[in-house]
Amino acid sequence: MEEVDAPVVGHLEDIPVGEGRAFAVAGDQVAVFRLRDGSLRALDAVCPHRGGPLADGLTDERVVVCPLHGYTYDLATGQEMSSGATGVCAYQVSADEGGAIRIGPRIAR
Amino acid sequence: MTLLEEAPAARNGHEPSRSRLVVVGNGMAGVRAVEEILARDGAGQFAITVFGDEPYGNYNRILLSNVLAGSDDTSEIYLNPVDWYTDNDIDLRAGVRVVRIDRFAKVVLADDGSTLHYDRLVIATGSRSFFPPMEGMWADNTTLTAGVFGFRSLDDCSGMIDYAAGKARAVVIGGGLLGLEAARGLQNRGLEVEVVHAAPTLMNAQLDDDAGAILRRSVENLGITVHTEKRTEKVLSADGAVTGIEFSDGTQVPCDMLVVSAGIRPNVGLAVRAGLTVERAIVVDDHLRSVDDENIYVVGECAQHRGQVYGLVAPLWEQATVLAEHLTGTNPKAVYQGSRMATKLKVAGVDVAAMGLKHPEHPDDEFVQFSEPRNGIYKTIVVRDGKLVGATLVGDVSKVAFLMQAFDRGLPLPEERISLMFDLGTPSVEVGAAELADDAQVCNCNGVSKAAIVSCVQGGQKTVSGVSAATRAGKGCGSCKGLLGQVVEWAAGGAVEEDASASWYVPGVPYAKPELMRLIRELELHSVSSVFAALAPEAAEDAQSKMGLASLLQMMWAEEYVEEHDARFINDRVHANIQRDGTFSVVPQMKGGVTSSEQLRKIADVADKYEVPLIKLTGGQRIDLLGIRKEDLPAVWADLDMPSGFAYGKSFRTVKTCVGTDFCRFGVGDSTALGIAIEERFKGIAGPGKMKLAVTGCPRNCAEALCKDLGVVAVEGGRWEIYVGGAAGAHVRKGDLLATVTSAAEVMTLTGRFLQYYRESANWLERTYSWVPRMGIEHLRAVVVDDSEGIAERLDAEMQKAVDAYRDPWTDGREPATPGQFRPSLPLTVLPQVPVR
Ligand SMILES: Cc1cc2nc3c(=O)[nH]c(=O)nc-3n(C[C@H](O)[C@H](O)[C@H](O)COP(=O)(O)OP(=O)(O)OC[C@H]3O[C@@H](n4cnc5c(N)ncnc54)[C@H](O)[C@@H]3O)c2cc1C
Ligand code: SF4
Ligand code: FES
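Reference entry: report on the structure contained in this document. All values reported here derive from a predicted model rather than from experimental measurement. (Residues numbered from 1 in each chain as written. Chains lettered and ligands numbered in written order. Predicted model: local features only at pLDDT ≥ 70, side-chain atom pairs only at ≥ 80, totals over all residues. Heavy atoms only, no water.)

### A look at unusual backbone geometry
All names here are of chain B. With a phi close to 65°, Gln621 is a non-glycine residue in the positive phi region. Locating Gln621 in the fold gives a position in the loop between strand S33 (614-617) and strand S34 (623-628). In the Ramachandran plot, Asp787 falls in the positive-phi region, its phi being about 55° despite a non-glycine side chain. (Helix = DSSP H or I, 4+ residues; strand = E, 2+ residues; numbered from the N terminus.)

### Details of the sheet that holds strand S41 (residues 736-741) of chain B
All names here are of chain B. Pairing is mixed across the open sheet formed by 5 strands, whose spatial order is S35-S36-S37-S38-S41. The open sheet terminates on both sides in strands that have one partner only, identified here as strand S35 (652-657) and S41. Taking each pair of neighbouring strands and ignoring which way they run, the sheet shows an average axis angle of 20°. Bridge analysis of strand S37 (residues 710-715) against strand S38 (residues 719-724) gives 6 bridges, and the strand direction is antiparallel. When the sheet's bridge partners are listed, Val712 is paired in S38 with Ile722. Sitting on the sheet, helix H22 (residues 671-682) is in contact with S35, strand S36 (691-696), S37 and S38, with an inclination near 170° to S35. (Pairing = 2+ DSSP bridges. Axes fitted to C-alpha atoms, helices over the stretch in contact; angles between N-to-C directions. Contact = heavy atoms within 4.5 Å.)

### Some details on the pattern of salt bridges
Under the counting rule described, the total for this entry stands at 43 salt bridges over all chains. The partner of A:Asp56 in a salt bridge is B:Lys630, with the nearest N and O atoms 2.6 Å apart. With A:Asp56 in the loop between strand S4 (40-44) and strand S5 (58-59) and B:Lys630 in the loop between S34 and helix H21 (633-640), the pair connects residues from two separate chains. The exposure class assigned to A:Asp56 is buried, which follows from its relative accessible area of 2%. Ionic contacts of the salt-bridge type, sharing partners, join the residues A:Arg36, B:Glu541, B:Lys546, B:Glu564 and B:Asp566 into one network. (Salt bridge = Lys/Arg side-chain N within 4 Å of Asp/Glu carboxyl O. Buried < 20%, exposed > 50% of the residue type's maximum accessible area, 1.4 Å probe, protein only.)

### Quick notes on the site of ligand 1
All names here are of chain B. The full set close to ligand 1 counts 31 residues, and Asp53, Glu54, Arg152, Glu301 and Lys346 are the nearest of them. One of the side-chain N or O atoms of Glu54 is found 2.7 Å from an oxygen atom in ligand 1. Within the side chain of Arg61, a nitrogen or oxygen atom sits 2.8 Å from an oxygen atom of ligand 1. Relative to its unbound accessible area of 990 Å², ligand 1 is 94% covered by the protein chains. (Near = heavy atom within 4 Å. Polar contact = N/O pair within 3.5 Å; in protein donor to acceptor, adjacent residues only side chain to side chain. Areas by Shrake-Rupley, 256 points an atom, 1.4 Å probe, with all protein chains shown as cover.)

### Section: helix H23 (residues 744-761) of chain B
Helix length check: H23(B) (18 residues) gives 26 Å between terminal C-alpha atoms against 26 Å at 1.5 Å per residue, within 8%. Counting buried positions along H23(B) gives 13 out of 18 residues, so the element sits mostly inside the fold. (Expected span 1.5 Å × (residues − 1).)

### Structural notes on the packing of helix H14 (residues 464-471) of chain B against helix H15 (residues 481-491) of chain B
All names here are of chain B. Running from N to C, H14 and H15 cross one another at 110°; their axes reach a closest spacing of 10 Å. Of the possible angle classes, the one that applies to H14 and H15 is roughly perpendicular. Contacts between H14 and H15 pair Val464, Val467 and Ser468 from the former with Leu484, Gly485 and Val488 from the latter. Its residues assigned to classes, the contact of H14 with H15 comprises 4 nonpolar, 2 polar and no charged. (Parallel < 35°, antiparallel > 145°, perpendicular 65-115°, else oblique. Nonpolar A, V, L, I, M, F, W, Y, C, P; charged D, E, K, R; others polar.)

Below you can see the structure in the form of structure tokens.
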């Protein structure tokens, strides 16, 4: 993923491999996921269904599953996969060599 | 989205030859027509733009009744979410209203100031609620008095739901299908509801007087008051909000909200101004074209065909097909012949279905009538020339599927007409499935025909869920699921497959549990990631499979299991139960439900210190602290200094006990001591589902041991009965007697062996209440008690390993297992959101 030019929000070490953590970015809450292949993904942190914390969800290389009722979001696009419900926004995200995480603009769908 | 007119070529860069199709109305008929057009390769011929003045994708209007009643969520009723339009290269202008059609310039003008040229136009503007003239109904020319609602759109529905909160009384004007559904919905929301109907008979469009009288009684039995033959003259209000209504006889009914469901009127204003022929609705020919303009098609509730205007979805599916065949040129001879109308009332507890004629009309029409008012049952059937032309069912609609098909398709009827009403050997539905005409509609909500299902099966889908996903059959109100299953079965020639994946232990790894366990053992896979790497297709991880695998590996490897936190559900990551607002509940261990003043004092101190919003006794005899912030969990545990009660995992939960011989004058066994001992030994053991136990001191069964995964009952003579497979949650089942033993030690052994056997052979998330009957109690008794398979010793040893591997997860509080383990995931939400008591 290309480098994002934005303030540092956190550090790779904050996110255990395979999990997500939430960060506040200019008033938005963004969940950053560190996949097992090492890459990062970023989505809105709040599930549009009933406000579930997506950073607490189970993930794989494609999706995150909301811990409250199981709505499933595509990590790359934010699209809801289980029933076509409302999706979330996906953001550009990158970590530099030192592990500093930057969250970029929304990815247009 | 752009508002300027663009040539189709500019948007796509190629295919400049495509002409532009504009659809006015983003409702059920308009979008269905678009779907049918796409299915006939219309995307190659047309660049499609859809205008809809509702700011949403296309949703299933029928299900608004369920949304109002609270059984569906608004997010669950979308047929085509906004992404669907993008994916199909359709230019959706949601929230934009077309205000004029200029047929001579061939453009539409919209309320956002845009204009757009069309080559072909589809008008699918549907209907709107009709508001009979009544004093006080309107605040001004366009705004209803606050608290007055129509029932047509998602916005109407959300408006009602919001307004209803905290209100006590509602009146619904109109006792037709929609009015009754609205009344029931509001009643579900806690309001007292009265229905006012001008005619003498409820649902008089569909029902005769006898049926209406029976329906009225059923509705009143639900607690809804019904006024018939009442004409409402005034809407009363105070401070701009509705307070009641007044009838023409001067009597008044007070209310806090008013729903007007007095019929619908087709939206024909655009067509009238464009100079199209409009009678009750826009007049169309048999190709669904306006009789005045061959480039303008009309579909849905705003179309009038051969004098008929339809107000149901089934006809518009048929219309959409004909329209698409004609418009795309796939079949220029396609003609619409009109539809037959069948209606079902979607009010839980009041079953009504009606189709065709209410009464015989010709002298030689056959008429069969059955009436049992006391039981609320009424049925009629009208047969003409051996074909079903009308049927009414009130109170018992068990035969409705067959009748609807017979009515729709003119199926041959059994000689004994009475068997159309009752199960006296009616052609079984399988025969029905075979006899159904190919174009018979199976799913009326989504308009899926038998032929569509059959071709889907022939295309390789051999599972019911697969067919349902591919065709959307069964995804509306769900009432056709039985028939769908039968048609799939019939089409597959009996070779319906169970979903292949149905037998897999988890969805992402294609093996049933025994095979999976064998492979895991052989390949020595100790972690979830290693299982995916070795056994999943393309070595792909699968989020939905992680929990089940983690539990299985923990069971199989005990101490040698390699924990990976990302494979755990959040509850298991932070050892607490996530709540609806993202806070957690904390339940300390309280073995056998016995506690001490010291523990209680500690719990009280913690509750004060962390301002715990709710302290609650659980059903398992423990104390639950709810509303704890994730970041406070470690400190809470440290202050409690009690082990975890495991109230969050798929694991051994609690042992509920009664006081037994300690204090109870009836007690015959020391249930408390035994319960504590069982909990001490098996605490925290992971399994495919929760394990809830109980021990009770005599057959009076105060600890409810008969409905537990495993329950022990002390009986006279120093003996203990062990029951397994009981449940008293969403599912209720009395446990089966596994054994009667003479010592507490034997109870411990059999409990361990039983639980281990369950852990090894149950499917993921399969509770004992389904596992025990699946295995059969005789089989379980043979294996667990009589050791018929010679595995008892191994089971005992495996369980011992698991017991030895126990460690209190709350020690994680001292040293987090992963960075940020207890870091909040919704930092900006104001917590707690659950009510503070
Ligand atoms: C609560 C409820 C329950 C129902 N239950 C059943 C049932 O159980 N069974 C059954 O068969 N039917 C039922 N119906 C009826 C069924 O929903 C309708 O028959 C069906 O939706 C009609 O489809 P349509 O496309 O013609 O109209 P609609 O679905 O109303 O679509 C018309 C769309 O066009 C839009 N529109 C109108 N004018 C313009 C304009 N000028 N510019 C842009 N957009 C415009 C409207 O906003 C609307 O979104 C129910 C209806 C309701 C309201
Ligand atoms: S189950 Fe029997 S022993 Fe236990 S409390 Fe009830 S009556 Fe007493
Ligand atoms: S809150 Fe996310 S699925 Fe319900």
